[in-house]
Amino acid sequence: LADRITRDGDPLASFQAVIQAADKLTRLHRALLLHGDIKPANIIVGVDGQATLVDLGLAATFCEEGVRPEGLTPKYAAPELFEGSPLTVRAEVFALGATMAEVLSMHRHHLAKEALPAFDEIVARATASDPDARYPSADELRSALARAVRAARGDAAAQTSVVLDAAIPDGT
């Protein structure tokens, strides 16, 4: 994904890679694992457009109170990790949101102006400084991003859903 971000191209394809990474991250979380180093360089996109997560060297077993991170990539690390808080699912949501923010900043000019607010809202929520204000899971972030991508491609039903997602917090 890191290579795609720096190339001029279709931002929706890059967002699709983030969606697939969120799927993989959800599977890891359901297997009670935390990746520990979500960033564009660890999302590999094949020539077929399929993305996968790599570099599980900092992966940790999930526990309710979280796990102390063994290393950080500062650009993608949630603020609470710098304060000594444990690695959690919401910290990984932050890293995925920071990855999405990078895609958005590099490819903003390729998106229709009316599509930008939905992407901006998703990034803002995923990278909120308060962990409780973030999406509660990678799956929730994935769903919001998938709806925004569909809306950006012109799916009218998805546009209503994106507006509702931004307006109604999930309360968790």
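Structure's up top.
I will try to describe carefully the structure that is included in this document.

Rules used in this analysis
Residues numbered from 1 in each chain as written. Predicted model: local features only at pLDDT ≥ 70, side-chain atom pairs only at ≥ 80, totals over all residues. Heavy atoms only, no water. Core = buried A, V, L, I, M, F, W, Y, C linked by side-chain atoms within 4.5 Å. Buried < 20%, exposed > 50% of the residue type's maximum accessible area, 1.4 Å probe, protein only. Contact = heavy atoms within 4.5 Å. Salt bridge = Lys/Arg side-chain N within 4 Å of Asp/Glu carboxyl O. Helix = DSSP H or I, 4+ residues; strand = E, 2+ residues; numbered from the N terminus. Expected span 1.5 Å × (residues − 1). Phe/Tyr/Trp six-rings, centres within 6.5 Å; stacked < 30°, edge-to-face > 60°. Lys NZ or Arg CZ within 6 Å of the ring centre and 35° of its normal. Axes fitted to C-alpha atoms, helices over the stretch in contact; angles between N-to-C directions. Parallel < 35°, antiparallel > 145°, perpendicular 65-115°, else oblique. Left-handed = near helix turned anticlockwise from the far one by under 90°. Nonpolar A, V, L, I, M, F, W, Y, C, P; charged D, E, K, R; others polar.

### Here's the deal with the nonpolar core
Ranked by size, the top nonpolar core spans 46 residues in total, and within it Phe15, Leu96, Phe119 and Leu145 carry the most contacts. Beyond its immediate stretch of four places on either side in the chain, Phe119 contacts Leu12, Phe15, Met100, Leu104, Leu111, Leu145, Ala148, Val149 and Ala152.

### Structural notes on the pattern of salt bridges
Charged atoms that come close allow side chains of opposite charge to pair. Applying the stated rule across the entire model yields six salt bridges. Taking the shortest distance from any N to any O, the salt bridge between Arg142 and Asp23 comes out at 2.7 Å. Taken together, the residues span a long stretch of sequence, with Arg142 in helix α6 (residues 138-152) and Asp23 in helix α2 (residues 11-30) at a distance of 119 residues. Classification of Arg142 as partly exposed rests on a relative accessible area of 24%.

### Considering helix α4 (residues 89-107)
Taking 1.5 Å per residue, 19 residues should reach 27 Å; α4 reaches 27 Å between its end C-alpha atoms and fits that length. Of all 19 residues making up α4, 16 are buried, and the element is well covered by its neighbours.

### Brief notes about the side chain of Thr26
Summarising the element assignment, Thr26 is placed in helix α2. Judged by relative accessible area, Thr26 falls into the buried class, the value being 9%. Among residues more than four places away in sequence, those in contact with Thr26 are Ala138 and Asp139.

### Things to note about the environment of Ala13
Looking at where Ala13 falls in the secondary structure, it is placed in helix α2. Assessed through its relative accessible area of 25%, Ala13 is described here as partly exposed. A C-alpha to C-alpha distance of 7.8 Å links Ala13 and Gly49, two positions 36 residues apart in sequence.

### Here's the deal with the packing of aromatic side chains
Taken as a whole and judged by the stated rule, the model has one aromatic pair. Here Phe15 and Phe119 contribute two aromatic rings whose centre-to-centre distance is 4.6 Å and whose plane-to-plane angle is 10°, an arrangement assigned as stacked. In this pair, Phe15 is assigned in helix α2 and Phe119 in helix α5 (residues 116-126), connecting sequence segments 104 residues apart. The same class applies to Phe15 as to Phe119, namely buried. Above the face of the Tyr135 ring, Arg125 is positioned so that its terminal group lies 4.2 Å from the ring centre.

### Regarding the environment of Leu87
In this fold, Leu87 is placed in the loop between α3 (79-82) and α4. The exposure class of Leu87 is buried, given its relative accessible area of 6%. On a C-alpha basis, the gap between Leu87 and Gly36 in space is 7.3 Å, while along the polypeptide they are 51 residues apart.

### Here we look at α2
Within an α-helix, residues lying three or four positions from one another point in the same direction, as the helix has 3.6 residues per turn. Compared with an ideal rise of 1.5 Å per residue, which puts 20 residues at 28 Å, α2 spans 28 Å between its outermost C-alpha atoms and is within 8% of the ideal. The buried fraction of α2 amounts to 14 of the 20 residues, a majority that puts the element mostly inside the structure. Looking one or two residues beyond α2, the residue adopting positive phi is Leu32, at roughly 65°.

### Points about the packing of α5 against α6
Where α5 contacts α6, the two axes come as close as 9 Å, and the packing angle between them is 170°. With respect to α6, the axis of α5 lies roughly antiparallel. The handedness of the crossing between α5 and α6 is left-handed. Packed against α5, whose contacting residues are Ala118, Phe119, Ile122 and Ala126, the element α6 presents Leu141, Ala144, Leu145, Ala148, Val149 and Ala152 at the interface. By residue class, the composition of the contact of α5 with α6 is ten nonpolar, no polar and no charged.

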